[in-house]
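If you want the building blocks of each chain, they are given just below.
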Amino acid sequence: DVKVTQSSRYLVKRTGEKVFLECVQDMDHENMFWYRQDPGLGLRLIYFSYDVKMKEKGDIPEGYSVSREKKERFSLILESASTNQTSMYLCASSRRIVQGYEQYFGPGTRLTVT
Amino acid sequence: GNSVTQMEGPVTLSEEAFLTINCTYTATGYPSLFWYVQYPGEGLQLLLKATKADDKGSNKGFEATYRKETTSFHLEKGSVQVSDSAVYFCAHDGSNYQLIWGAGTKLIIKP
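Thresholds, definitions, all that
Residues numbered from 1 in each chain as written. Chains lettered and ligands numbered in written order. Predicted model: local features only at pLDDT ≥ 70, side-chain atom pairs only at ≥ 80, totals over all residues. Heavy atoms only, no water. Disulfide = S-S within 2.5 Å. Helix = DSSP H or I, 4+ residues; strand = E, 2+ residues; numbered from the N terminus. Buried < 20%, exposed > 50% of the residue type's maximum accessible area, 1.4 Å probe, protein only. Polar contact = N/O pair within 3.5 Å; in protein donor to acceptor, adjacent residues only side chain to side chain. Contact = heavy atoms within 4.5 Å.

Trainee: Looking at this structure, I do not really get the state of the cysteines. What am I missing?
Mentor: Residues and elements named next belong to chain A. Tallied over the full model, the rule gives two disulfides over all chains. Across a sulfur-sulfur distance of 1.9 Å, C23 and C91 are joined as a disulfide pair. Looking down the S-S bond of the C23 and C91 bridge, the torsion is -75°, so its handedness is left-handed. Here C91 lies in strand β9 (residues 87-94) and C23 lies in strand β3 (residues 19-25), a separation of 68 residues in the sequence. Since its relative accessible area comes to 0%, C23 is described here as buried. On the basis of relative accessible area, C91 is assigned to the buried category, the value being 0%.

Trainee: Is there a simple way to think about the side chain of R68 of chain A in this case?
Mentor: Residue and element names in this part refer to chain A. Note that R68 resides in strand β7 (residues 64-70). Of the polar contacts made by the side chain of R68, one reaches the backbone oxygen of H29; its length is 3.3 Å. At a separation of 2.6 Å, a polar atom in the side chain of R68 contacts the main-chain carbonyl oxygen of K71. In contact with R68, other than residues within four places in its own chain, are Q25, H29, E30, N31, M32, S49, Y50, D51, V52, K53, R73 and F74.

Okay, structure coming up:
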């Protein structure tokens with residue numbers, strides 16, 4: 001079974017703190033993704049990565065950065081957390097194939113910024 | 001551009017009722033189509049998929065048929081259970097290995 005794990009299920013941080021969300025997958029997938037999920041807004045792509053040290057902006061990259069130093073690990077960084085970044089964060093991975101590249105998701109991290 | 005439109009929820013049904021959640025898509029070419037399910041407090045799981053026209057994906061009693069002529073991929077189940085209560089997302093593969101997502105449909109099944 002493909003496994004995508006995220007470092008925390010729940011996280012509470014203060015405004016202005018630097019926050020690291022870690023994601024690890026064990027299926028040797030090339031692609032990895034970070035989404036945020038908010039009520040009424042569905043899934044929104046923050047950043048994605050095709051390969052080690054590669055990153056691409058998604059639809060809402062402002063206020064976030066990412067790091068991919070190893071193939072299995074993709075980190076999301078909130079440089080200075082703000083209350084409007086309170087959300088559910090979902091990590092996903094997929095193979096780099098031509099078609100049918102379904103994504104496999106982690107359990108999510110619910111982040112609260114106070 | 002690419003998009004996915006799902007019926008708005010919440011959809012509320014009684015146990016053992018028949019379920020349909022509509023999904024239509026806009027895409028160039030012949031995308032693969034997916035249904036994902038998200039149970040409360042969890043991440044998304046792939047429920048079923050179809051990769052070409054007239055394919056039927058099925059899993060856990062759910063089915064969806066890839067209809068190219070109507071650009072649709074409606075999710076159906078003959079008899080729903082309380083445990084099917086979840087949010088269901090329709091998606092298709094777009095460019096750059098990304099998935100194009102619908103907004104999600106919340107399903108509530110009452111005993």
